[in-house]
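A look at the structure
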Amino acid sequence: MDATVRYSILGTVRALRGDTEIDLGPPKRLALLALLLLRAPGPLTVDEAVDILWDDEPPPSAVNVVHRHIGALRRTLEPELRSRTHATHLVRAADGYRLLVDTSTSDLLHFRDLRAQAQLALRGGAPAQAAQDFMESLRLWRGPAVAAGTHVARHPVFTSVGHEFVATVKEAADAVLTAAPALTEEVLTMLRRAVECHPFDEALHCRIIAALAASGRQAAALEQFESIRRGLADELGVEPGPELRAAQQHLLQRRITGSTGPLAAQPVGAGRPAQLPADCLSFAGREQALGQCLELLPLEGENRPPTMTAAICGMAGVGKTTLAVHWGHLVADHFPDGQIYVDLQGHHPSRAPLESGAAIAEVLDALGVENNQSYPSAAALGSAYRSALAGRRLLLVLDDVADCEQVRPLLPATPGCLAIVTSRRRLEGLAVTDNARIITLDPMTRQEGLELLDRRLGTDRTRAERAAAEELVELCGGLPLALAVAGARALTHPQFPLASLTARLRDTADSLDALSSRDARTSTRDAFHRSYDALSSGAARLFRLLGLHPSRDIALPAAASLAGTDLRRTRQDVAELMDHHFLVELVAGRYTCHELLRTYAAELSSLLDSPSARSDAVARMVEHYLYSAEAATALLAPHRSTVILPPPRPGVRPQHFAGRSDAAEWIVAERYLLPELARSLGHYPRGEAFRRQLTSALEMCVKKQ
């Protein structure tokens, strides 16, 4: 008798000896075999088997029932077996039982092996082979369900394997549409099978749309979009996300000039690089920024796009690279000559910024231009670069730019190309010289932050601890890097509630420690420090002293008093801090600092500024508000009783007011800060007199509200 038994779990559970199907017995035994197959080549513990096989409270005899079913399965698989110690199919393990299978006898292991081969081929630059391997792995599935026919088929341990099918279908579709068009119909069938079980998976619908368009069925592709749009609206009450909207725009507008081919990406070959880093699986929100990005693609029939450079700018850790890469994947099919990614290392943890010439050489290498190191001058290299880009439709992602001058030689002059630039600097010079579109990326909104946590932690956990999740987003200031680090901490300690993490973050003295790590690339403190290192000494000093200010926002005269510098010098330092996104001007004349940056500034000041320098800065700040309040109330209530104040100390630059309305606006703007200062004057020289001045200003504030 042929002793080889082949097992199937991808669909109905089956076991065959040769060509003969084996009768596996009653449903619970069938389910037990499915569990053994799922855990193979590892063991299945008896406790796990009991937990999964009985939905409710298991009976006292559950363990004995499992042992009896194991014995029956062993006899079924090896009818001539005389002793279980000689079993070659189902054997006893240290903590349970193990089914001895491999890729030749288990369709699940075979599927996973083929998928791994396909992923390796893709990383090795062989998308056509990857497409073949992906499709071969999917052919092993006789249905999208796993272990159908068993009463535990809907248990999470089985449905999680079903998600592997969906993920593989997506990978297969991308590879087929890139490099194996002959397999389009087959992958379309697989996509439709997957979407039957996941009707609101927008990524699946996007690929169905692309496959239909690739085979020339534009009307069917548009109907597919309308179908999912209606489904999302009727069932979930939401609109399509950015990826689906982009797919619709590609269909309707055909934005690439003269484009009449399919939506799918073109085959990758010599001189057709595909260098985009992997898209972030937990990408969330950013719909407004993505909308700005998608507006930059040329409309059908346009001879020239509105711009060939988009600069995504923002503070450290705000998610610029993640957005650029995600956008790049969304629009990659518009650039059939390839996508090139260059890290310009503007704020790299250990390497100096990449020189423009070296970056150009990287691009030329990617395009297959040989001997690009032999050009006699920078001008000759630049000429070769422009010639290489001429006539091509390329997407360039130029990441982590140090300044305008570093990236300017890399910006394309060819209408078919688009450069996506990311930088911690504002790069306004590129808008002047290269008509670049500057897209300032702000921290996430509360809803976006919660969506990010949902994707990193799972909705079960975030919904179970909703209040703590909302507080976590607030304490991280909506900063994606901080949220990602906090999420990683929460995943590392699943037994700890989110509230324990928020309690630590609430303590500002410990918050940056909680959001930092030994990995310089993902440490929030290290990310801030690399930006701080790029500041001039004056701007760095002002930034540190801002950590002593009791409010997030500050006006220019208050900043000048805090630093003890004149208004002209302070204006220059503030402009530099804004350029590096340490400050933002949300209201004209008032400058706001992110809470985590303020915590970092206070930390730096305690380390680098002497106690006397800090004390003097605080004294100048207090006197600034006292004398400014005196000037404001003198205008608003000239007949009130007054307190004669001594002259302010050197470096204090009180606010000057053009009139009563100007003074009233200042008091309203400082209505939260002034009471806090009044309460803090107990230990200040002449505190009672100064408190009276602030109290008078507060009374004016109440009257003006």
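Scoring rules and cut-offs
- Residues numbered from 1 in each chain as written.
- Predicted model: local features only at pLDDT ≥ 70, side-chain atom pairs only at ≥ 80, totals over all residues.
- Heavy atoms only, no water.
- Helix = DSSP H or I, 4+ residues; strand = E, 2+ residues; numbered from the N terminus.
- Buried < 20%, exposed > 50% of the residue type's maximum accessible area, 1.4 Å probe, protein only.
- Areas by Shrake-Rupley, 256 points an atom, 1.4 Å probe, with all protein chains shown as cover.
- Phe/Tyr/Trp six-rings, centres within 6.5 Å; stacked < 30°, edge-to-face > 60°.
- Pairing = 2+ DSSP bridges.

**Here we look at the overall build of the chain**
- When its secondary structure is counted, the chain shows 31 helices and 14 strands.
- The 705 residues of the chain split such that 52% are buried.
- Approximately 31,800 Å² of the chain is accessible, and the part contributed by carbon and sulfur atoms is 51%.

**So, the packing of aromatic side chains**
- Inspection of every chain in the model, using the stated rule, returns 9 aromatic pairs.
- Relative to Phe543, the ring of Tyr532 lies with its centre 6.2 Å away and its plane at 45 degrees, an arrangement referred to as tilted. A residue pair is termed long-range when its members are at least 10 positions apart, and Tyr532 in helix 23 (residues 524-532) and Phe543 in helix 24 (residues 537-546) qualify at 11 residues.
- By relative accessible area, which is 8% here, Tyr532 ends up buried.
- Between Phe543 and Tyr600, the aromatic rings sit 6.2 Å apart at their centres with planes inclined by 45 degrees, giving tilted as the arrangement. With a gap of 57 residues between them, Phe543 in helix 24 and Tyr600 in helix 27 (residues 595-608) connect regions that are remote in the sequence.
- The exposure class assigned to Tyr600 is buried, which follows from its relative accessible area of 1%.
- Ring-pair connections join several aromatic residues into one group, and the members of that group are Phe528, Tyr532, Phe543, Phe582 and Tyr600.

**Some remarks on the sheet that holds strand 6 (residues 96-99)**
- Ordered in space as 4-6-5, the 3 strands form an open sheet in which the pairing is antiparallel. The open sheet has two edge strands with one neighbour each: strand 4 (44-45) and strand 5 (90-93).
- Across 4 bridges, strand 5 lies against strand 6 in antiparallel orientation. What sits directly across from Ala93, in strand 6, is Gly96.

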